[in-house]
Structures are given as structure tokens and as C-alpha cells.
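Spelled out, the chains give:
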Amino acid sequence: MTTKPFERPVYVTQPFLPDFNNFCDCLKEIWDNHWLTNNGPIVQRYAERLGRYFETNNVCLFTNGTLALQIALQGMDISGEVITTPFTFVATTHALYWNKIRPVFVDIEPDYYTLDPEKVEAAITPWTTAILAVHVFGHPCKLNELSDIARKHNLKLIYDAAHAFGVKIEGKSIAHCGDLSMYSFHATKLYHSIEGGALIFRDSGLKKKFDYLKNFGFENEIEVVMPGTNAKMNEFQALMGELILNQIDDLISHRRKLYETYYHRLSDIPGIHMASCFSSDINYNYAYIPIEIDAGGFGISRDKLYDELKKYNIFTRRYFYPLICNYSCYRSVSVTDPLKVAKSVSSRILTLPIYSQLRIEDVEKICLIIEHIQKKS
Ligand code: T4K
């Protein structure tokens, strides 16, 4: 195996696509129905399938995860302040902003980069109404600790589970933790419906409200009961989601092999740190491969490695750098927590390629190239 650049670009991710001929055959149903959107038959069937997958009837589908989260916050009447993480994709915070909720950023823990429960409790004020935690990279949050805090202070506990499709705790989907979980089915996710999102929630009374909010608030042809928006999933999205759901177990198991190769090959390279494997009660989904680069040990900084890898046609990403509070649109939000861990992780994190079409030998080559760069640094 050589360290010659890849002939074709290797991106951080690439969407999985179902068999082309099968997809085309299935499209016939849409053509026969002449029904493209507005709660069509495939969307309804897909919602039922996801309900069986998540083992709940409390499923609501959306055109993407961002709108799903915005609607969740609005439907649950969340207001005032919400305690959340700065180490996430910007949509988590945007969903708060769109609901005129003040984000209160607190630090993450260093092991899996999820919200630090101690910091959460310290940040609660009379205006706090909810905790919005993120299972970042599919890593489960400190579920019990966050539940205890939410219960003690009578706060809603909402999970941004955009990265956590397929993650299970003691055999049960992580979606059942907290009051509500939002999933993103964006093309870049390990499971997708081109674009798409879903809410899974505890209180079945919320379903009707979410359905109104995603469809302009229509009760019927002549009545609108609330100022909703348009966040409906369409038939093409649902079809893609249905077909990929058939293969989800295989997709996760292939990713597991890729992850194990990375873990095995990178663990001995100086200056590289990877989060520890999860305990056996957690079924992880291997959504991302985040590594931390310690410039002192590795020889060059994370940013230099990111640039170097491009020369080999490897396009990694710095998820999640910068922290949300450092984006110009959120710099005016006052942050009292020093965010020590989040700042450090954000300056060192690099997410490596992982997707279904990637082969074990590709991962071995990526690791060899990283090792080569380290040795010459
Ligand atoms: N909460 C969290 C924690 C999230 O991570 C996200 C989304 C959300 C909420 C919001 O959910 P959605 O509203 O998106 O459903 C990507 C995704 O666009 C975004 O969905 C995702 N998080 C985020 C982590 O990653 P970018 O700006 O990095 O995407 P982009 O276009 O640079 O794609 C990354 C790489 O994937 C590209 O370098 C090439 C490859 N790619 C991408 C697409 C779209 C392909 O090969 N084919 C493709 O079709 O945000």
C-alpha cells in the first residue's frame, strides 16, 4: 500500500444510495398515484414503518431536521432561556433563535463531547425552561444525570439526536430518553431521506400540534387554527427513507468495521486521541470518526493536518469548529461559562471520512497517510 494521493476525492461523507433499478421501480408508485406531497400515501406508510422501528406511535415527519427542531420548541411552548451546547452544528442554536429563546451555552465533558451535567445545573435560572442536549457524533449524552436535573428543576429535556439514528441503550432506541428527540435524515447522515427529519416524543398530545405546525396550521379546507409553517416531507423523500431503512443494519455493521480499522490503526500514532469505545449496553452507530490532534505530540496542528490531507485528496472536516458562540451572528450572546473543554476540543477536533462506499483498504490507506504525515512532521 502506498501513500500516493487518492485518485478521486474522498470526502468526510458520501450519501448511501439504494439500488438504482429498485428505486426506479418504486418510483412507479408515485407516478401511478400522482401524489407528490401533503401527507401522501408513502409518507404515511413510512411514518408507520419508522414507528415500528422506534417502537412508538409518537412519530412526526418533516422536510428536514432544522424545521423539525424549530417546530418541536414551538409546539412544546419552550421560551425564555434554554441550556445548550456550543459544540454542535449551528442548526441546534438557530432553532432556539427562531423561537426567540436565549441560548445559554455551557461546557461539554471531555470524554464524548456531550453537555456536562454539572455545568448545566449551575446555569439554571428562573428563566430556564428546557435543556437542549446533543448526542454529538451519535455519542449518547449523560442520560441519567440530565434526566435527574430536568426532573428536579421541572425542565423539559430535549435531545438533538440528528447524529444518533440507530443508537440504542440496552436494546432500546435512545429516542425514548427525555421528552423529545429530533432526528435529521439529511443526505450526509448515516441514514437519510435525501433531506428529512423526524420528531419522536413522549407526550402523544403533541402529535396533533406538530402536524398543524408543519402544515400551515390547517384544520381543514376552511379553518386554520395556528400560524404554522410548511415543513412537510414529500413522497420522494419518504421513498428514499423507506428503501434505506431496509438496509440500516448492514450499513451500521459496515461502518463498525471501518471504525474498528481506524481505531486499531490510529491508536498508536503519537498525538492522536480517539474517544474510548462504548460499554456493551450501548449500540453505537459509528456516525462519525472524530479524532483530536495534539499538536505537541503529533508534530503539526489540527489545521495543518487538515490542509496536508487535502494534498492527498482527503477532505476531512473540523466538526465542530468554531464553537457556535464564536460565529458572528451569536457573538453578542453573553456566555458566563468559560467553556474550557469545548474550546480545547473544538481547536483539536478533526472528523475523518466514513461512509458506506468506503472500503477497509481505503481506511487503511487514510491511516497510513496520516502516519506518514506525522512521521515527516
Ligand atoms: N443538529 C445537528 C447536530 C446537525 O448536525 C444537523 C445537521 C442539524 C441539527 C440539522 O439537520 P438538517 O436540517 O440538516 O436535517 C452537513 C449537513 O448539511 C447537515 O445536515 C449536518 N448537520 C452537518 C453536520 O453536516 P455541511 O455544511 O458540512 O455539508 P456539506 O455540504 O459540506 O457536506 C459534507 C460533505 O459531504 C461534502 O464535503 C461532500 C459530501 N456530500 C454532501 C452532500 C450534500 C456528498 O458527497 N454528497 C451530497 O449530496 O453540513
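Residues numbered from 1 in each chain as written. Predicted model: local features only at pLDDT ≥ 70, side-chain atom pairs only at ≥ 80, totals over all residues. Heavy atoms only, no water.

Per the secondary structure count, the chain includes 13 helices and 17 strands. The C-alpha radius of gyration of the chain comes to 21 Å, within 12% of the 21 Å expected for a compact globule of 377 residues. Oriented by its inertia axes, the alpha-carbon framework of the chain measures out at about 70 × 55 × 40 Å. When burial is assessed residue by residue, the chain has 54% of its 377 residues classed as buried. Within the chain, residue pairs in contact and separated by at least 24 positions form 71% of the contacts whose partners lie at least 6 positions apart. Counting every atom, the chain has about 17300 Å² of accessible surface; 50% of that belongs to carbon and sulfur. Where the 40 positive side-chain charges of the chain centre and where its 43 negative ones centre are 5 Å apart. (Helix = DSSP H or I, 4+ residues; strand = E, 2+ residues; numbered from the N terminus. Rg over C-alpha atoms; globule rule 2.2 N^0.38 Å. Buried < 20%, exposed > 50% of the residue type's maximum accessible area, 1.4 Å probe, protein only. Contact = heavy atoms within 4.5 Å. Areas by Shrake-Rupley, 256 points an atom, 1.4 Å probe, with all protein chains shown as cover. Lys, Arg positive; Asp, Glu negative; His and termini not counted. Charge placed at Lys NZ, Arg CZ, Asp CG, Glu CD.)

On to the sheet that holds strand E14 (residues 282–283), then. Read from one edge to the other, the open sheet built from three strands follows the order E8-E7-E14, with strand pairing classed as antiparallel. If you trace the sheet from one side to the other, it starts and ends with strand E8 (172–173) and E14, each paired once. As judged from the two bridges shared by strand E7 (residues 168–169) and E14, these two strands associate in the antiparallel manner. Along E14, the bridge assignment pairs Ile169 with Ile282. (Pairing = 2+ DSSP bridges.)

Quick look at the domain arrangement of the chain now. Parsing the chain into structural domains produces domain 1 (20–245) and domain 2 (248–376). Put simply, the middle of domain 1 and the middle of domain 2, counted by C-alpha atoms, are 25 Å apart. Taken together, the contact between domain 1 and domain 2 spans 40 residues of the former and 38 residues of the latter. Considering only the surface of domain 1 that becomes buried against domain 2, Phe105, Phe137 and Leu190 emerge as the three largest contributors, covering 21% of it. At the junction of domain 1 with domain 2, the criterion picks out zero salt bridges. Counting across the interface, domain 1 meets domain 2 through 16 residue pairs in polar contact (both at pLDDT 80 or more). Residue assignment for the side of domain 1 that touches domain 2 shows that the elements contributing at least two residues are helix H4 (91–97), strand E4 (102–105), E7 and helix H8 (235–245). (Domains from an automatic or database assignment. Buried area = accessible area lost by both parts, 1.4 Å probe. Salt bridge = Lys/Arg side-chain N within 4 Å of Asp/Glu carboxyl O. Polar contact = N/O pair within 3.5 Å; in protein donor to acceptor, adjacent residues only side chain to side chain.)

Read from one edge to the other, the open sheet built from three strands follows the order E13-E15-E17, with strand pairing classed as antiparallel. For this open sheet the edge positions go to strand E13 (272–274) and strand E17 (349–352), each flanked by a neighbour on one side alone. Each strand of the sheet is rotated relative to its neighbour by a mean of 35 degrees, with strand direction disregarded. As judged from the four bridges shared by strand E15 (residues 289–293) and E17, these two strands associate in the antiparallel manner. Along E17, the bridge assignment pairs Glu292 with Ile349. Along the sheet face, helix H11 (residues 302–311) touches E15 and E17 and points at about 25 degrees away from the line of E17. (Axes fitted to C-alpha atoms, helices over the stretch in contact; angles between N-to-C directions.)

Bringing the packing of helix H2 (residues 41–54) against H8 into the picture now. Between H2 and H8, the shortest axis-to-axis distance is 8 Å and the interhelical angle comes to 35 degrees. In the crossing of H2 with H8, the sense of the turn from one axis to the other is left-handed. Residue-level inspection shows Pro41, Ile42, Val43, Arg45, Tyr46, Arg49, Leu50 and Tyr53 of H2 in contact with H8, the latter providing Glu235, Ala238, Leu239, Gly241, Glu242 and Leu245. Here the residues of the contact of H2 with H8 are counted per class, giving nine nonpolar, one polar and four charged. (Left-handed = near helix turned anticlockwise from the far one by under 90°. Nonpolar A, V, L, I, M, F, W, Y, C, P; charged D, E, K, R; others polar.)

Tracing the backbone through its elements, the reader meets Lys189 in the loop between strand E9 (180–184) and strand E10 (197–201). Notably, Lys189 is buried but unbridged: the nearest opposite-charge side chain belongs to Asp160, and the N-O separation is 7.9 Å. When neighbours within four sequence positions are excluded, Lys189 is seen to be in contact with Ala162, His163, Ser184 and Tyr288.

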